[in-house]
Amino acid sequence: MTKRRFGIAGLVGALLLLAFPLCATAENGTPPFLYVVVADEGEIRKHGEDYVISLEKDDIDHVLEIGESPFKLENYISADRIESTWKEGAGNFGPGVTMKGTILSEDGAIPGINIRSISKTADEMVLVFFLDNNAPIDSRLLGEIEDVTIVNYCCHPTGGSGEWLWGER
């Protein structure tokens, strides 16, 4: 499978890495990482008190895993690799635990997201999130959005890279 272009949102996402705030170490001692997921399109909808962004597996162009110690590209996961290592699963980070992030798209930006959980079915990835201070999302950003980039902060052991999400290295 050959995937599409990097996209404007992907370029903006890469530039955002330079400005995204990073902390020196995670509370549990594991190395912090930034993940950048670039997709052709996605869908945002209200889900109870939270919001959901869904990305179809076939729309994900690539994923970048950026390590903080030292700050460098740790992993590039291509569309072909995503397709071949895709696994169903879910990650709930525990009561009150969230991953901070930002959603960028051709349609606008949504900063200050707090991801509660990530799950994958056979065909899509779903992130459940709320905004800082439980603010509402601009209604113009609900529904289909184009050229999606999700940047989120995560901590896991070096080399772990969330195998349930992206498969082994």
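Structure's up top.
Reading guide: rules and limits
Residues numbered from 1 in each chain as written. Predicted model: local features only at pLDDT ≥ 70, side-chain atom pairs only at ≥ 80, totals over all residues. Heavy atoms only, no water. Helix = DSSP H or I, 4+ residues; strand = E, 2+ residues; numbered from the N terminus. Buried < 20%, exposed > 50% of the residue type's maximum accessible area, 1.4 Å probe, protein only. Contact = heavy atoms within 4.5 Å. Salt bridge = Lys/Arg side-chain N within 4 Å of Asp/Glu carboxyl O. Phe/Tyr/Trp six-rings, centres within 6.5 Å; stacked < 30°, edge-to-face > 60°. Lys NZ or Arg CZ within 6 Å of the ring centre and 35° of its normal. Core = buried A, V, L, I, M, F, W, Y, C linked by side-chain atoms within 4.5 Å. Pairing = 2+ DSSP bridges. Polar contact = N/O pair within 3.5 Å; in protein donor to acceptor, adjacent residues only side chain to side chain.

1. Focus: the overall build of the protein chain
Then comes step 1: A tally of helices and strands in the protein chain yields three helices and nine strands.
Then comes step 2: Listing every helix and strand of the protein chain by position from the N terminus yields α-β-β-β-β-α-β-β-β-β-β-α.
Then comes step 3: Counting every position in the protein chain, which comprises 169 residues, the buried fraction comes to 49%.
Then comes step 4: Of the contacts made within the protein chain by residues no fewer than 6 positions apart, 69% connect residues no fewer than 24 positions apart.

2. Here we look at the pattern of salt bridges
Then comes step 1: A full pass over the atoms with the stated rule returns four salt bridges.
Then comes step 2: With a closest N to O distance of 2.9 Å, R116 and D50 form a salt bridge. You can see R116 sitting in strand β7 (residues 108-120) and its partner D50 sitting in strand β2 (residues 50-56), a full 66 residues away along the chain.

3. Examining the packing of aromatic side chains
Then comes step 1: Going through the model one piece at a time under the given rule, you end up with one aromatic pair.
Then comes step 2: The ring of W86 has K120 sitting right over it, with the charged end atom 4.1 Å from the ring centre.

4. A look at the nonpolar core
Then comes step 1: I53, I103 and F129 are the most contacted members of the largest nonpolar core, which has 29 residues in total.
Then comes step 2: Those elements that place two or more of their residues in this core are β1 (32-47), β2, β3 (60-68), β6 (99-105), β7, β8 (124-131) and β9 (143-155).
Then comes step 3: Of all hydrophobic cores here, the second largest spans seven residues; its members include V36, V38, L64 and Y153.

5. A word on the pairing of β6
Then comes step 1: In terms of burial, β6 is a largely internal element, six of the seven residues being buried.
Then comes step 2: Pairing analysis gives six bridges linking β6 to β7, with the strands arranged antiparallel. Paired with M99 across the bridge in β7 is I115.
Then comes step 3: Where β6 folds back on β7, the antiparallel hairpin that results is connected by two residues.

6. Some points on the environment of S119
Then comes step 1: Within the secondary structure, S119 is located in strand β7.
Then comes step 2: The residues touching S119, leaving out its near neighbours within four places in the chain, are G89, A90, E124, M125 and V126.

7. Considering the side chain of S105
Then comes step 1: Tracing the backbone shows S105 in strand β6.
Then comes step 2: The class for S105 is buried, based on a relative accessible area of 14%.
Then comes step 3: Polar side-chain contacts of S105 include one of 3.0 Å to the backbone nitrogen of D107.

8. Brief notes about the environment of E65
Then comes step 1: When you line up the elements, E65 lands in strand β3.
Then comes step 2: Sequence separation between E65 and N152 is 87 residues; the distance between their C-alpha atoms is 9.9 Å.

9. A word on the pairing of β1
Then comes step 1: Summarising the sheet, β1 and β3 pair through seven bridges and their orientation is antiparallel. The residue of β3 that forms the bridge with V37 is V63.
Then comes step 2: Sheet topology places β1 next to β2; five bridges connect them, and they run antiparallel. When the bridges of β2 are listed, R45 appears paired with V52.
Then comes step 3: The antiparallel hairpin formed by β1 and β2 contains two residues in its connecting segment, where G48 sits at a positive phi of about 65°.

Honestly, that's just the spatial picture; any functional story needs more than this.
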